[in-house]
Amino acid sequence: MDIQYVGEHLFWGYAGRFALFMAFFSALFAAWSYYRSSSKTFPDSLHWRGLGRKAFWLHSAMVGLAAFALLFILLNRYYEYRYVWIQVENALPLSYRIASFWAGQEGSLLFWACCQVVFGLVLIRFARNWEASVMTVFAFSQVFLISMLLGIRFGAFSLGLDPFLLLRMAPENLDNHFFHNPQYLALITDGNGLNPLLRNFWMLSHPPVTFVGYAAVLVPFSYALAGLWKRQFHAWIRPALPWTNLAVLFLGAGILLGGVWAYESLTFGGFWAWDPIENASLVPWLMLVAGLHLMLVSHKKKHAFFPAFLFIILSLIFVIYATYLTRSGVLSETSVHSFGRDGMGWHILIYLSAFLILSLSLLFANYRRFPSRGNEEVFTREFWLFVGALVLVLSAFQIIFSTSIPVMNRVFGSHMAPPADVVAYYNKWQLPFAVVVGLLMGVTQFIGWGHNSTKRFFRQISLSLILAFGLALVSGSFISDLRRPDYLLMLFASLFALFSSLDMLLRFRGKWLGSGAAVTHLGMGMFLLAVVLTFSQKTTISENTSGYFMGENFSPNENLLLIRGEILPMGEYHVSYAGREFDGERYHYQIDFLRTGKQGHFYRVFTAYPSILLNQRMGNVYEPYARVHPLKDVFTYVTFAELPEPGSPSEDYALIDEVVISLNETLMLGNNKLVFKDIRTEFPDGSGDPGNARITAVLEILTHYNETYELQPSFILKDGMVIHEDVGVRDLDLKFRFQGVSDEPYTIFLNIYEARPDFVIIKTVIFPYINLLWISMVVISAGLWMAYRDRRRLAAKTNNKR
């Protein structure tokens, strides 16, 4: 007999699931229709193109309906749905309920599909002659993405994950007798809730921008495959260039926003921690930038088609590979970003393999048809752009090889160990690449296409070289941390890139005004300069000057123990822990940073408020606080704090014992004796009602110094409620609670609490010139947007002429 469940909102689940199935089949039909429209072997291409458009419009509507249904059940907290129960809880604010849409596997895949739908609709409107072939690839990608959301089960095998799966139908709950109750939903009073690491402002921007970037990468990839398919090796570049700029912008912005999130909200102690998932998102961006520069070479000089095609293809392949690393669970033990293992890995590998085989087959099938180039001059912009692209690709492959060690161990059964100190390892490898990129950015801006005059080149570049060399030399003389040869080279290269870009914008404004290239290179020069200045001089100042041993887990060179009210030296400051406040979710710790005045008195310079976000289900989150100054940030977070125990008489006491004691019984408390002398019962209202009574235990403590203390803790019943009236002994740092009455006559339960010092262990890091990093991000984004705008206008003019 089927169970008739009460209170479930099934309509939205049926609507969402129906929409996903319709989206899958309409994407499949759109891909087939567009393929027939663009293939010479099929007649009536306009008819098939019309069918493809209608199918993709239907697909878009169905994806939108599924997204609306999922958002609706999330906002209304329908806990009968597994995805909602996992991501949402009653106290979750509206903004985070919206963000929970992309917080999990199913929702983030659906959001990715929505982003690709938007780009697909724009392409239908503006792609013109490229529509059929480009949309064939686009719709084919949607088939794979939507198939990951179907959630069709064939025994133990599952085709995708169902975002509308009912909680009671989840495989882990099928044998749970709780769900045999028709009214089980009334018993689910709250959800599991969003991961506390994700309850952050940047959760509202970083994932969406990243997925927009992922979707944007598909556009130049689709144009590249269409160009190979149609054997129009040059014509595809002009319409694809604006989209490539846009993809570089959004994918880069997603990476940078993730870095800001890590810096402000996590205890990585920096902007970039070389986390495996961070690395995996950086690699397609590097590939895309390399492909963008070679597209410019191919468009201008009509050669270098093979590497331009290859790098654009690899940019999407590595987007899918990054998705595999994130969602397969292969990095679950090495990355804070990774999802768990839920069987999605094989599905993503099929997606990756299909596109890799298809694209490489087209690429190598056309290899001999690419126009060959003659003897290439070395002193040309196209040659050095090619060299720069190769450097970026080599950098990307070094990152992805080391990141993929867990994958290689799983596939080949090897036991390669990932680097122990990942930051030092990647910095050592990537610094030479960064130096070369900085130098190339400076040099290539002064080299024109084709033949160049050596004298003119050195005349134009000399100012930037002199300024960069001089400033690097002076900086190295005054700043000891920059005297390492590799840091000096990095400093010179970044300054050279910066001054070259400024030179182009100021001295040669007629040539570069309106172009985003110089502005983007200026931002990159600032970024590299900020990296070398900030992280070469990053200093941990929280050396333990308290004299207390903190345990083996806390290095005394990096952690400082602060007892409330004490003032200790720390770097250029003195610090004092002033107390903590609880706002219902977080404990905020007040750390005052002080300096000594003229008369020896301390005055407060600023206050830091690091916090601990409490979450019993998924663990507490230690949140840093960054005090921003014009030339530095003071970055502070709590590495350890004893949190108040539930039921303690106050935050300053901890439960040390729970005892059962009978009348006239004596217990030992260390060197002291505790005697239960008497018990008294009073009825304050005089009614004799046991529900309104005051029971007082008379206790006596005899210390080994023959000091006697009499205590009278009370157990109060008032209108059915229990109230404890605790009594403390300040000299002994103890507090006693009459917890309850035993079933045994004249026997009570007694809780004993001990005062504990209120202290925290903190870590404080100085990040000099970190604001230059944030400014560079804005400049880079502005330059990329300018480049997109200019390329878009140029493509529109070309289309209008036709």
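Quick note: structure is the one above.
Let us look at the structure shown here. Note that the structure is predicted; figures quoted are calculated from it, not measured. (Residues numbered from 1 in each chain as written. Predicted model: local features only at pLDDT ≥ 70, side-chain atom pairs only at ≥ 80, totals over all residues. Heavy atoms only, no water.)

Let's talk about the overall build of the protein chain
- If you tally the helices and strands in the protein chain, you get 20 helices and 23 strands.
- Taken along the three principal axes of its C-alpha coordinates, the protein chain extends 105 × 85 × 50 Å.
- Classification of the 802 residues of the protein chain by burial places 54% in the buried group.
- Across the protein chain, the fraction of contacts at a sequence separation of at least 24, relative to all contacts at a separation of at least 6, is 67%.
- Accessible surface for the protein chain amounts to roughly 36900 Å². Of this, 60% is attributable to carbon and sulfur atoms. (Helix = DSSP H or I, 4+ residues; strand = E, 2+ residues; numbered from the N terminus. Buried < 20%, exposed > 50% of the residue type's maximum accessible area, 1.4 Å probe, protein only. Contact = heavy atoms within 4.5 Å. Areas by Shrake-Rupley, 256 points an atom, 1.4 Å probe, with all protein chains shown as cover.)

A closer look at the pairing of strand β12 (residues 632-641)
- With 8 of its 10 residues buried, β12 lies for the most part within the structure.
- Looking at chain direction, strand β11 (residues 625-628) and β12 are connected through 4 bridges and run antiparallel. Opposite Arg 627, over in β12, you have Val 634 as the bridge partner.
- Where β11 folds back onto β12 in an antiparallel hairpin, the turn is made up of 3 residues.
- Inspection of the sheet shows β12 paired to strand β23 (residues 759-768) by 9 bridges, in the antiparallel sense. Opposite Tyr 637, over in β23, you have Lys 763 as the bridge partner. (Pairing = 2+ DSSP bridges.)

Observations concerning the pairing of strand β14 (residues 666-669)
- Two elements, β14 and strand β15 (residues 672-682), share 4 bridges in a ladder whose sense is antiparallel. Following the sheet pairing, Leu 669 is matched in β15 by Asn 672.

Some remarks on a negative patch on the surface
- A contiguous patch of negative charge, built from Glu 707, Asp 731, Asp 733 and Glu 754, is present on the exposed surface.
- With respect to the element layout, Glu 707 can be found in the loop between β16 (693-702) and β17 (708-711).
- Overall, the relative accessible area of 38% leaves Glu 707 in the partly exposed class. (Patch = residues over 30% accessible without salt bridge, like charges linked within 9 Å, V, L, I, M, F, W, Y side chains within 5 Å. Salt bridge = Lys/Arg side-chain N within 4 Å of Asp/Glu carboxyl O. Lys, Arg positive; Asp, Glu negative; His and termini not counted. Charge placed at Lys NZ, Arg CZ, Asp CG, Glu CD.)

With respect to the side chain of Asn 409
- Tracing the sequence through the fold places Asn 409 in helix α14 (residues 405-412).
- A residue is classified by how much of its surface remains accessible, and Asn 409, at 17% relative accessible area, is buried.
- If near-sequence neighbours (up to four positions away) are discounted, Asn 409 is found in contact with Ser 414, His 415 and Met 416.

Side note on unusual backbone geometry
- Phi is positive for Asp 733, which is not a glycine, with a value near 55°.
- Along the chain, the position of Asp 733 falls in the loop between β20 (727-729) and β21 (734-741).
- Judged by its relative accessible area of 41%, Asp 733 is partly exposed.
- Positive phi, normally seen in glycine, also occurs at Tyr 746, with a value near 55°.
- On the accessibility criterion, Tyr 746 (57% relative accessible area) is exposed.

Some points on the packing of aromatic side chains
- Counted under the stated rule, the structure contains 60 aromatic pairs.
- Seen from their ring centres, Phe 233 and Phe 309 are 6.3 Å apart, and the 85° between their planes marks the pair as edge-to-face. Taken as a pair, Phe 233 in the loop between α8 (206-230) and α9 (237-265) and Phe 309 in helix α11 (residues 305-327) lie far apart in primary sequence, 76 residues in all.
- Looking at Phe 233, the relative accessible area reads 9%, which means it is buried.
- Three or more aromatic residues joined by ring pairs form one cluster here, namely Phe 233, Trp 236, Phe 305, Phe 306, Phe 309, Phe 364, Tyr 367 and Phe 370. (Phe/Tyr/Trp six-rings, centres within 6.5 Å; stacked < 30°, edge-to-face > 60°.)

Quick word on the side chain of Gln 537
- Examined against the element boundaries, Gln 537 turns out to sit in the loop between α19 (516-536) and β3 (539-540).
- The contacts of Gln 537, once residues within four sequence positions are left out, are Ile 479, Asp 481, Ile 766, Pro 768 and Tyr 769.

Description of the pattern of salt bridges
- Under the defined criterion, the tally for this structure stands at 20 salt bridges.
- Across the pair Arg 595 and Glu 572 runs a salt bridge whose closest N-O atoms are separated by 2.5 Å. Within this pair, whereas Arg 595 is found in strand β7 (residues 586-596), its partner Glu 572 is found in the loop between β5 (567-570) and β6 (573-582), the two being separated by 23 residues in sequence.
- Overall, the relative accessible area of 27% leaves Arg 595 in the partly exposed class.

Considering the environment of Met 618
- Topologically, Met 618 is positioned in the loop between β9 (611-613) and β10 (621-623).
- Of the residues examined, Met 618 reaches a relative accessible area of 34% and is grouped as partly exposed.
- The residues contacting Met 618, other than those within four sequence positions of it, are Asn 192, Gly 193, Leu 194, Asn 195 and Pro 196.

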